[in-house]
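Summary of the model geometry
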Amino acid sequence: MVYVLFSGLLWALLAFYLYTTWRFILGWRKVPRFVAEPINKPVKVSVIIAARNEEDKIAICLKAILAQNYPVDYLEVIVIDDHSEDTTSQVVNGFDSVMLLKLNEGNTLNSYKKKAITEGIKIASGELIITTDADCEMGKDWISTIVSYYQKTGNKMISGPVAFTGERNWFENIQTIEFLYLNLTGAASIGQGIPFSCNGANLTYTKEVFNEVGGFTGIDHLASGDDELLMHKVHQQYPGTIGYLKNRDAIVYTDAKPTLQKFIQQRKRWASKSIKYQSSFIVTTVVGIWAFNLVLILALLSLGIDTAILPVLGWVLALKFVADLIIMFQATSFFKRMELLKYALLVQYLYMLYVAFIGIYGNTGKYYWKGRHVN
């Protein structure tokens, strides 16, 4: 009975998974490595940082931004303090060249971050808006590489690479390799012309296109989605104008979550925006991957009842691992973190549990983020 129930389903979902992986690989290869060229005529850039309770990290971020190899007359940095309960504002005020805007929202919101970014963009004078997070750090050529890419491609939105760094244990290491995997698949979707994933820690768009798509209108009731859902709006109105900056000088670095609880809360927040995906391709991909991992777990549990499914399950797991390993190899190769491949097998099994769990948990109830309970 177990064999009949799972055998055909496992093979069908595996075929879908391998096809999806193949598309990711092709999409990644379609994204050319970008070689930055000297900037003859700089454009005005506004770096927007929405910060809440970041007194321990924001100084490092601001120092990295102010140390950029980019003309200071063409760079402004705007920090929007989202009702911090620590000394974030005082730290920011210690930087004379950084503009500080304190969010003073009387009404209860579900997405203070979108509100903060919107208010920052209102006062921004830059042609290009670059968003990052207060706990991030970047190299000195970050902005110049982005501007060079913008001038060469004319893209209205640019997704940049983000990576974890400074891992202290195996838990943070497996987060890193999984996060690099997500980076590659997001870039691959852009390469395929159906962008579905990016990261607000390294996202660039023109101020003009932000206003033309109505900013966060229509998605402002969701706590998350200041990156991906905005990207979907831009793609819907201006298809073919979103690019991925495949250059290591453009990488933004941040930290993995130190505890399982914080990791789950982060991923619940990320998963919560999936209910707003409108593209049938994106929905099919997300649901298909979730279903495959869920069925794999159920099939593994069924071995306690009937072991007849074991040969099929063994082949399916092996082929899935090979497909995942190919993507992990390419991702770690680009980010020069190939030492993380030693965690590939561990990630394979933990990822099944994570995807199956967060796919359900991420779309149910409230979660805790930045000291607030949000939907």
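You'll find the structure just up there.
So, a few notes on the structure that sits alongside this text. This structure is a prediction, so every number in the text was calculated from the model and none was measured. (Residues numbered from 1 in each chain as written. Predicted model: local features only at pLDDT ≥ 70, side-chain atom pairs only at ≥ 80, totals over all residues. Heavy atoms only, no water.)

**Digging into the packing of helix α6 (residues 170–191) against helix α11 (residues 310–334)**
Which entries qualify depends on this criterion: For helices, the fitted line uses only the C-alpha atoms of the stretch in contact; every axis is such a line through C-alpha atoms, and the angle between N-to-C directions lies from 0 to 180 degrees. Strands are runs of DSSP state E lasting at least two residues, helices are runs of H or I lasting at least four, and both sets are numbered from the N terminus onward. Should an angle fall under 35 degrees it is called roughly parallel, over 145 degrees roughly antiparallel, and 65 to 115 degrees roughly perpendicular, with every other angle called oblique. The criterion used for residue contact is that any of the two residues' heavy atoms lie within 4.5 Å. Residue classes follow a fixed rule: Ala, Val, Leu, Ile, Met, Phe, Trp, Tyr, Cys and Pro count as nonpolar, while Asp, Glu, Lys and Arg count as charged, and any other residue, Gly among them, counts as polar.
Packing of α6 against α11 brings their axes to within 9 Å, and their N-to-C directions diverge by 90°. When the axes of α6 and α11 are compared, the pair comes out roughly perpendicular. Contacts from I177, L180, Y181 and L184 of α6 reach α11 at D324, I327, M328, Q330, A331 and T332. Looking at the contact of α6 with α11, its residues break down into 7 nonpolar, 2 polar and 1 charged.

**A word on a nonpolar patch on the surface**
Selection rule: Residues forming no salt bridge and having over 30% relative accessible area are the ones grouped into patches, like charges within 9 Å of each other and nonpolar side chains (Val, Leu, Ile, Met, Phe, Trp, Tyr) within 5 Å. Exposure was quantified through the Shrake-Rupley algorithm and a 1.4 Å probe, taking into account, for residues, occlusion by the shown protein chains and nothing else. Whenever Lys or Arg places a side-chain nitrogen within 4 Å of a carboxyl oxygen from Asp or Glu, that contact is recorded as a salt bridge. Exposure is judged per residue with a 1.4 Å probe applied to protein chains only, and the accessible area is read against the type maximum: over 50% gives exposed, under 20% gives buried, and values in between give partly exposed.
Residues W11, L18, W315 and L319 make up a contiguous nonpolar surface patch of roughly 400 Å² in combined accessible area. Position of W315 relative to the elements: it lies in helix α11. For W315, a relative accessible area of 57% translates into the label exposed.

**Some words on the pairing of strand β8 (residues 203–206)**
On a regular strand, one side chain projects to one face of the sheet and the next to the other, so that they alternate. The following threshold applies: Strands are labelled as partners when DSSP assigns at least two bridges between them.
A two-sided burial pattern is seen for β8, the buried positions comprising L203 and Y205 on one face and T204 and T206 on the other. Bridge count between strand β4 (residues 128–132) and β8: 4 bridges; the pairing is antiparallel. In the sheet register, L128 faces β8, and the bridge partner there is T206. Across 3 bridges, the pairing between strand β6 (residues 157–159) and β8 is antiparallel. Within the sheet, the bridge partner assigned to I158 lies in β8 and is T204.

**Focus: the pattern of salt bridges**
Using the criterion set out here, one finds 11 salt bridges in the structure. A salt bridge links K152 to E37, with the nearest nitrogen and oxygen atoms 3.8 Å apart. A residue pair is termed long-range when its members are at least 10 positions apart, and K152 in helix α5 (residues 142–153) and E37 in the loop between α1 (2–30) and β1 (45–51) qualify at 115 residues. Among the residues examined, K152 registers a relative accessible area of 53% and is labelled exposed. On the basis of relative accessible area, E37 is assigned to the partly exposed category, the value being 46%.

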